[in-house]
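Examination of the molecular architecture
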Amino acid sequence: MGTTAREEMRRFWERNERSGRPLSPHVSIYKWSLPMAMSITHRGTGVALSLGVSLFSVAALLLPEQFPHYLAQVRALSLGPTLVCSAKFLLALPLCYHTWNGVRHLV
Amino acid sequence: VPAALLGSALLRRPAALGAAAARCAPARESHGPPRQGHGGSKAASLHWTGERAVSVLLLGLLPAAYLCPGPAVDYSLAAALTLHGHWGLGQVITDYVHGDVPIKVANTGLYVLSALTFAGLCHFNYHDVGICKAVAMLWSL
């Protein structure tokens, strides 16, 4: 009947990779646009949030004490409102960006 | 008797396929659609729909966590968060990892990470204060 699209794709990639051609510059030369920047930020925040959640989970599995204990330890450090507020902002920012941009993708 | 009929039917099909394949070997490559019509499964499009569904669910869980914190929301959050993250990281792997072996290794690693994440979140929900309460406590700092 003829080759399928998948077969042609496979042949193309085999020949392409075999020739060992260098990758032409793309991110380093292409003019950045807002949609591009928003998209990669969405991905970046997503990955960061995921890794953060995973880190929290693994910590929950490994650390001996409960959450309130560690929270009390942080409170005992008396870091000052500026630092605490900045830390909250740094946590909230990627979550909010990813959430609202996510809504934009969903709509 | 049915087995014999089945056996002869099975023997007939390969011959038919062989004849069809001989007819199909072209001298030049044609770009027509595959003979079977669809030829593929709906897995990818179902996956896409599933991704959107979980995203919407997770979105709804955020106000729920604020308004009615409790074990139901905690466990739902654990599940939705893990699944959304698993599928998201899976897309990142698909985009940036190339080659059969690296792809397999990366996806296996992702499965391990997601399993650990879900286990950890459930453990936290069960043995510790739970996700909703933890966020509330953290923010009261």
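Definitions and limits used
Residues numbered from 1 in each chain as written. Chains lettered and ligands numbered in written order. Predicted model: local features only at pLDDT ≥ 70, side-chain atom pairs only at ≥ 80, totals over all residues. Heavy atoms only, no water. Helix = DSSP H or I, 4+ residues; strand = E, 2+ residues; numbered from the N terminus. Expected span 1.5 Å × (residues − 1). Buried < 20%, exposed > 50% of the residue type's maximum accessible area, 1.4 Å probe, protein only. Contact = heavy atoms within 4.5 Å. UniProt positions renumbered as here; feature names shortened; annotations may be inferred. Buried area = accessible area lost by both parts, 1.4 Å probe. Salt bridge = Lys/Arg side-chain N within 4 Å of Asp/Glu carboxyl O. Polar contact = N/O pair within 3.5 Å; in protein donor to acceptor, adjacent residues only side chain to side chain. Nonpolar A, V, L, I, M, F, W, Y, C, P; charged D, E, K, R; others polar.

1. What to know about helix H2 (residues 34-62) of chain A
Relative to the 42 Å expected for 29 residues at 1.5 Å per residue, H2 of chain A spans 41 Å between its end C-alpha atoms, a close match to the ideal helical length. Looking only at H2 of chain A, the buried set comprises His 42, Thr 45, Gly 46, Ser 50, Ser 54, Ser 57 and Ala 60 of chain A. Of the surrounding secondary structure, the elements contacted by the buried residues of H2 of chain A are helix H4 (81-106) of chain A together with helix H3 (71-96) and helix H4 (100-127) of chain B.

2. Notes on the UniProt feature "transmembrane region" (unreviewed entry) in chain A
Residue and element names in this part refer to chain A. With numbering matched to this structure, UniProt assigns "transmembrane region" (unreviewed entry) to residues 46-64 and 76-97. The distance from the first to the last C-alpha atom of residues 46-64 is 29 Å, and the span holds 89% helix and 0% strand. Summarising residues 76-97: 82% helix, 0% strand, and an end-to-end C-alpha distance of 31 Å.

3. Quick word on the interface of chain A and chain B
Chain A puts 30 residues into the contact, and the matching count from chain B is 36 residues. Summing both partners gives a buried area of about 3,000 Å² for chain A against chain B, and 68% of it is carried by carbon and sulfur. Between chain A and chain B we count one salt bridge in total. Across the chain A-chain B interface, the total number found is eight residue pairs in polar contact (both at pLDDT 80 or more). Counting only elements with at least two residues in the side of chain A that touches chain B, the list comes to helix H1 (5-18), H2, helix H3 (67-76) and H4 of chain A. Sorting elements by how many residues they give to the side of chain A that touches chain B places H2 of chain A first, with eleven residues. When the residues that make up the side of chain A that touches chain B are grouped by side-chain class, the tally is 17 nonpolar, eight polar and five charged.

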